[in-house]
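The residues making up each chain are set out below.
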Amino acid sequence: MPGPHRPPPNYDSLSMRLGVPKETAPGERRVALVPEVVSRLVGTGFQVAVELGAGTDAAFPDEAYTEAGASLVEDAFAAEAVLKVQKPSAEEVASLREGSLLVAFLQPLTDAEGIERLSTRGVTAFAMESVPRITRAQPMDALSSQATVSGYKAVLLAAERLPRFFPMLMTAAGTVAPAKVLVLGAGVAGLQAIATARRLGAVVTGFDVRPVVREQVESLGATFLDLGIVGEEAEGGYARELTPEEQRRQQEELAGRVADFDVVVTTALVPGRPAPRLIPASAIRAMRPGSVIVDLAAEAGGNAELTEPGEIVEREGVTIVGLTNLPATMPYHASQLYARNVAALVQHLAPEGELTLDWDDEITASTCVTRRPEEAAA
């Protein structure tokens, strides 16, 4: 069904209007802007229109937005630029104004149909996951900010389900040994998981195929697990995808080690690809009853062979947590961090509230996934 007819946005206005709709994806509780960031944007020349109830699930009431200078509206899609967390549904795309801007997580590597839908609508869309990992774009790096939330929450989920303490305890009834935690992958999520597990008192070991991160793992008080398999850092700071032979060797080496741990947190992801398989079913069977695996790669199929994306299951006496979108389970701070990322990008694209798209700029060009015809020809 076609969306309502709306005139093209007027980008000659010195006060660009930003729309913040309520997220509609199942389980999504985050919001694209929080009152603190709204106040800052309004102070630098933007108008902000927030849909009624948009921040309620993240503990940001409507009154906080009006106090920050936003207007409350029933339809935030009428704005010149729409800011979201999740990609818009087909119905939401139809509600966007032709020629408007959109900023959100858009899954450009895996959702070609959604990107085409935006292009057909004439929307200039910027994908938050496409922000280049360069120094001046760090304030816009939403993948990192949300990975911080995921790494923290993963350890809390493990601690909740592990039938033993994380820290060592010395009691009148005797000493309780600390839990042993293995974190696979030492990116942002992995490092946060290591730090959180250490704060809870566990004995922590970290593994990554990139030897360059060994110092970071050890600086957090964890031991680095050296399996003798090295994959150098690729563009964007991600680990290079291992060859099939390297993957086989890695899986064999890990299979012999994971049984030594009470908790395994896996974080290995390659953008746009299925998650690498790190823990075979045979290794899970060898783990002690009551052990826990938290698979942060579940959304891409999982690092563990027995992971069921979106589910918490027990297999061979081991609890496997395959929940997806963990940042949405901590919506207050996840929204706060994401809003700062979005605001940094918006202010880059529209300094002082006036849109200025420089296609020679690496941030603008890399993040944009659809352009209006006149822009694409520029």
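See above for the structure.
Residues numbered from 1 in each chain as written. Predicted model: local features only at pLDDT ≥ 70, side-chain atom pairs only at ≥ 80, totals over all residues. Heavy atoms only, no water.

J.: Break down the pairing of strand β5 (residues 101-104) for me, citing the residues and quoting the values.
T.: Of the two faces of β5, both are covered, the one formed by Leu101 and Val103 as well as the one formed by Leu102 and Ala104. As paired elements, strand β4 (residues 81-83) and β5 share 3 bridges and run parallel to each other. In the sheet register, Leu83 faces β5, and the bridge partner there is Val103. Running through helix α3 (residues 90-95), the crossover from β4 to the neighbouring parallel element β5 is right-handed. Inspection of the sheet shows β5 paired to strand β6 (residues 124-127) by 4 bridges, in the parallel sense. Looking at the pairing, Ala104 lines up with Ala127 of β6. Chirality of the crossover, the property in question, places the unit of β5, helix α4 (residues 112-121) and β6 among those that are right-handed. (Buried < 20%, exposed > 50% of the residue type's maximum accessible area, 1.4 Å probe, protein only. Helix = DSSP H or I, 4+ residues; strand = E, 2+ residues; numbered from the N terminus. Pairing = 2+ DSSP bridges. Right-handed = clockwise from strand over helix to strand, strands pointing away.)

J.: Describe the environment of Met140, naming the residues involved and giving the relevant values.
T.: Position of Met140 relative to the elements: it lies in the loop between β6 and α5 (142-161). By relative accessible area, Met140 is classed as buried at 5%.

J.: For the sheet that holds strand β10 (residues 203-207), give the residues involved together with the corresponding values.
T.: Here we have 7 strands laid out as an open sheet, ordered β11-β10-β9-β12-β13-β15-β14, and mixed in their pairing. Each edge of the sheet is formed by a strand with only one pairing partner; in this case those strands are β11 (223-224) and β14 (312-315).

J.: Let's hear about the pattern of salt bridges: which residues, and what values?
T.: Counted under the stated rule, the structure contains 19 salt bridges. Linking Arg117 and Glu113 is a salt bridge whose minimum nitrogen-to-oxygen distance equals 3.2 Å. Of this pair, Arg117 and Glu113 both sit in helix α4, 4 residues apart, which is roughly one turn of that helix. A salt bridge links Asp226 to Arg214; the shortest N-O distance between them is 3.8 Å. Here Arg214 lies in helix α7 (residues 214-219) and Asp226 lies in the loop between β11 and α8 (244-255), a separation of 12 residues in the sequence. Residue class for Arg214 comes out partly exposed when judged on its relative accessible area of 33%. One continuous salt-bridge network, built from bridges that share partners, spans Glu23, Lys84 and Glu92. (Salt bridge = Lys/Arg side-chain N within 4 Å of Asp/Glu carboxyl O.)

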